[in-house]
Amino acid sequence: MVFQQQPPTLGNQYLDDPALQSYLKRVLPPDVLREVEPELIEMGRLAGGELYQMQLADRLNEPRLTQWDPWGNRIDHIEVTPLWRTAEKIAAEHGLVAAAYEQKHGRFSRVHQCALAYLFTPSTDIYSCPLAMTDGAARTLLSSGNQSLIERAVPHLTTRDPNQFWTSGQWMTELTGGSDVGLSETIARPENDAQITQSDRQTRAETWASEDVTRNWLLFGRKWFTSAATSQIALTLARPEGSPPGGRGLALFYLEMRDAHGQLRNIRIERLKDKLGTRKVPTAELTLDGAPAQLVLGTTDGVKNITPLLNITRLWNGISAAALMRRSVALAVDYARKRTAFGAPLAEKPLHRDTLEGMQAESEAAFQFAFFVAELTGRAETNEISEDESMLLRLLTPLMKLTTARQAVAVTSEALEAFGGAGYIEDTGLPVLLRDAQVLPIWEGTTNVLALDALRALGPDDRALQVLKDEAGRSIANVDGELASVVRNALAHAESWLIAARKSGELEAGARRFALTLGRTMELALLCKQGSRAAKGFAREGVDRIWS
Ligand SMILES: Cc1cc2nc3c(=O)[nH]c(=O)nc-3n(C[C@H](O)[C@H](O)[C@H](O)COP(=O)(O)OP(=O)(O)OC[C@H]3O[C@@H](n4cnc5c(N)ncnc54)[C@H](O)[C@@H]3O)c2cc1C
């Protein structure tokens, strides 16, 4: 009989995930778990069933930009793929954004929402990207206190009705830089004010802060990376003309992309990016040629004012990283039972098993970290957070994002190897995991940029580091001496390095190693808190990344 290889298959992605189930059992009150579990089982069914099949069938489809209609009119229409159209509907109906705002489960609403996102993400080809920005935009508008924008947009961003649902873009990166956004060149002029002279503008700039928050503005500039360019709205940065250079002189603006007839409002979509991965995401280059916009919160401090959005998208980044790792492990483990080599299934080969366990350990560690940040975020959103915990959240958000993103690239790469040659072949649906994971360390702050941000987040007298150490200490209270020592030693090493590096002037150069050490150590501590069997395997991979 001719040999035929059985492909990997997926079951219900909630019921097949003991790490997710035991975490939710530990963290959620029993009545909350009882209420959310049916939704999670349903999402797990979709993710391992219809959506996964649709994702495989949709593999070759990509978003298409049509710039001109047959009669020479500029239309700049983007058509997304069938999978994305389905994903949008399911996301709205299942409350992928709404669950965090309906607050049915108080401070646990974030964990509930993130569990849904964790299941949904790996089967929907980065539809998590517009959802993350939509969630971030809702949070930013609500934090701004700008009542008219809140009333106008937030009900659309947080609805469960697919016909009313809006998504939001986040347009920060320009040609001048994504990390150093203070260099942004987009300018804002008050509407009906385009003809004033340069000297007038400078005089006016001084008074804008007090008078122009309710005005309409027009934006002029180029936005170099704008994902989800099919969104209805965007939050973006621009410099009111005459304002000082740098991040402080930028303001945060809200804009609606199209008018009531569906025409773009003085925005041109120049092209879609030709990307390594995230190919279902229509990431566009835009020209703003007098696009009407409104201030969200004032004429300065745009970079500071968009921070709530970044905190949320970084949380989504971590959840997505854990989710792509989980998918990689689920497929690789299933395949190992079906693939035979040297007389036995791979699953029975000690070395292959060890490799899979290493992947599982990284995946669970990332999961624990991302969900711990979700827990803290939920508490911050319901004002049930202490000052110390706020500092911890401020520090852990960049640490979690940078740590989990790098793990996702490593684990998805390992997963491809676990399939041998098949892992490199496109129509298995496997290579896309690695390509998509590779964006996670780049967008929403690169590893280096976030490592530097983590240094800033240490706070006065490195208070946040002390809080992190206390949290880790509580997490390892009930584990054996060896694991607890790994955590304590790594944190002690990080702290002594910090003091020495400040003195020697090597702080900046070592920031990435310091951040990864804190990130991985926190992950180990959280695995211990969960009582996970993966803790030992994770400790074996090492948590301390500081060399000196
Ligand atoms: C698929 C995709 C979609 C995207 N979608 C969006 C979007 O919707 N909206 C948006 O605003 N942006 C988006 N981006 C842009 C993304 O956020 C930026 O690419 C990213 O922030 C990095 O900015 P940059 O490309 O200008 O690189 P640079 O800022 O030029 O960075 C280059 C390198 O220098 C390093 N670096 C920078 N500063 C320092 C420093 N001080 N010390 C040490 N190292 C440093 C960085 O870590 C990086 O490795 C997207 C990017 C991609 C790939």
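Counting restarts for each chain, with residues numbered from 1 along the sequence as it is written. It should be noted that, the model being predicted, local features are given only for residues of pLDDT at least 70 and side-chain atom pairs only at 80 or more, the latter also being counted only at that level, while totals for whole chains, interfaces and linings use all residues. Note that water and hydrogens are dropped before the side-chain values are worked out from all heavy atoms of the structure.

*Asks:* In this structure, what is going on with the environment of M391? I would like to understand it.
*Replies:* A helix here means a DSSP run of H or I that spans at least four residues, while a strand means a run of E at least two residues long, and both kinds are numbered starting from the N terminus. Within the secondary structure, M391 is located in helix α13 (residues 387-418). Along the sequence, M391 and V467 sit 76 residues apart, while their C-alpha atoms lie 7.8 Å from each other. In what follows, residue pairs with any heavy atoms lying within 4.5 Å of each other are defined as contacts. If we skip the residues at most four places from it in the chain, M391 touches L458, G459, P460, R463 and A464.

*Asks:* So what exactly am I meant to see when it comes to the site of the ligand here?
*Replies:* Put simply, a residue is near a molecule or strand once any heavy atom of it comes within 4 Å of that molecule or strand. The full set close to the ligand counts 21 residues, and Q170, T173, G178, S179 and T446 are the nearest of them. As used in this structure description, the phrase polar contact means that two N or O atoms lie within 3.5 Å; if the pair is within protein, one of them must be able to donate a hydrogen and the other to accept it, and residues adjacent in sequence are counted only when both atoms belong to side chains. Q170 places a polar main-chain atom, nitrogen or oxygen, 2.7 Å from a nitrogen atom of the ligand. T446 is positioned with one of its side-chain polar atoms (N or O) 2.6 Å from an oxygen atom of the ligand. Points on a 1 Å grid over protein atoms alone make up a cavity when a 1.4 Å probe fits among them but cannot get out, and a pocket when they form an open set with protein on both sides within 12 Å along at least five of seven lines; lining residues each have an atom within 4 Å of a point. Being in a pocket or cavity means that more than half of the molecule's atoms lie within 2 Å of its grid points. More than half of the atoms of the ligand fall within 2 Å of the grid points belonging to the largest pocket. Of all the secondary-structure elements, those providing two or more residues to the shell around the ligand are β3 (168-171), β5 (216-226) and α15 (447-456). Examining the composition of the shell around the ligand, we find that 3 residues originate from one element, α15, more than from any other. Three categories are distinguished: nonpolar for Ala, Val, Leu, Ile, Met, Phe, Trp, Tyr, Cys and Pro, charged for Asp, Glu, Lys and Arg, and polar for the others, with Gly belonging to the last. Within the shell around the ligand, the residues separate by chemical class into 8 nonpolar, 11 polar and 2 charged.

*Asks:* How should empty space enclosed by the protein be read in this particular structure?
*Replies:* Where empty space is left becomes clear once a probe the size of a water molecule has been rolled over the atoms. Grid points are joined across faces, edges and corners, and a volume is the space filled by probe spheres set on the points. Taken as a whole, this structure holds 3 cavities of 30 Å³ or more when the rule is applied. Taken as a whole, the largest cavity spans an internal volume of roughly 110 Å³. Looking at the largest cavity, the residues that line it are I126, S128, C129, A132, T313, W316, N317, S320, L440, W443 and E444. Of all elements in the fold, only α7 (128-144) and α11 (307-338) reach the threshold of two or more residues within the lining of the largest cavity. Of all the elements, α11 adds the most residues to the lining of the largest cavity, at 4 residues. Each pocket or cavity is described by its volume, and for the second largest cavity that value is around 50 Å³. Taken together, Q13, D17, A47, Y118, L119, P122, A323, R326 and R327 make up the full set of residues lining the second largest cavity. Secondary structure elements with two or more residues in the lining of the second largest cavity: α6 (109-120) and α11. At 3 residues, the largest contribution of residues to the lining of the second largest cavity is made by α11.

*Asks:* What is the right way to read the packing of aromatic side chains from this model?
*Replies:* In this description, a pair of aromatic rings is defined by centroid distance and the angle of the planes. Centre distance within 6.5 Å is the pairing criterion for rings of Phe, Tyr and Trp, where only the six-membered ring of Trp is used; planes under 30 degrees apart are then read as stacked, over 60 as edge-to-face, and the remainder as tilted. Under the definition given, this model contains 9 aromatic pairs. Summarising the aromatic geometry, the rings of W217 and F253 are spaced 5.8 Å apart at their centres and angled 65° between planes, so their arrangement reads as edge-to-face. Highlighted residues: W217 in strand β5 and F253 in strand β7 (residues 251-256), separated in sequence by 36 residues. When accessible area is computed with a 1.4 Å probe and restricted to protein chains, residues below 20% of their type maximum are described as buried, those above 50% as exposed, and intermediate ones as partly exposed. Since its relative accessible area comes to 0%, F253 is described here as buried. Of the aromatic side chains, those joined through ring pairs into one cluster are Y23, Y118, F367 and F371. Over a ring means this: the NZ of a Lys or the CZ of an Arg is within 6 Å of the ring centre and within 35 degrees of the ring normal. Over the face of the ring belonging to W68 we find R74, whose NZ or CZ atom lies 5.3 Å from the ring centre.

*Asks:* I keep staring at the side chain of T278 and nothing clicks. Help me out?
*Replies:* The topology assignment puts T278 in the loop between β8 (267-272) and β9 (284-295). Residue classification places T278 among the buried positions, given a relative accessible area of 4%. When sequence neighbours within four positions are dropped, the list of residues in contact with T278 reads I126, D436, V439 and W443.

*Asks:* Where do I start with the nonpolar core in this structure?
*Replies:* Where a protein is soluble and globular, its nonpolar side chains tend to be buried together. Here, nonpolar core means buried Ala, Val, Leu, Ile, Met, Phe, Trp, Tyr and Cys residues that are tied together by side-chain atoms lying within 4.5 Å of each other. If you look at the biggest cluster of nonpolar residues, it comprises 155 residues, and the most contacted ones within it are L24, L141 and L396. In terms of residue count, the dominant contributor to this core is α11 (17 residues). Those residues in contact with L24 that lie beyond four places of it in its chain are Y14, L33, L40, V111 and A115. If you look at the next biggest cluster of nonpolar residues, it comprises 21 residues, including M257, A284, L288 and A293.

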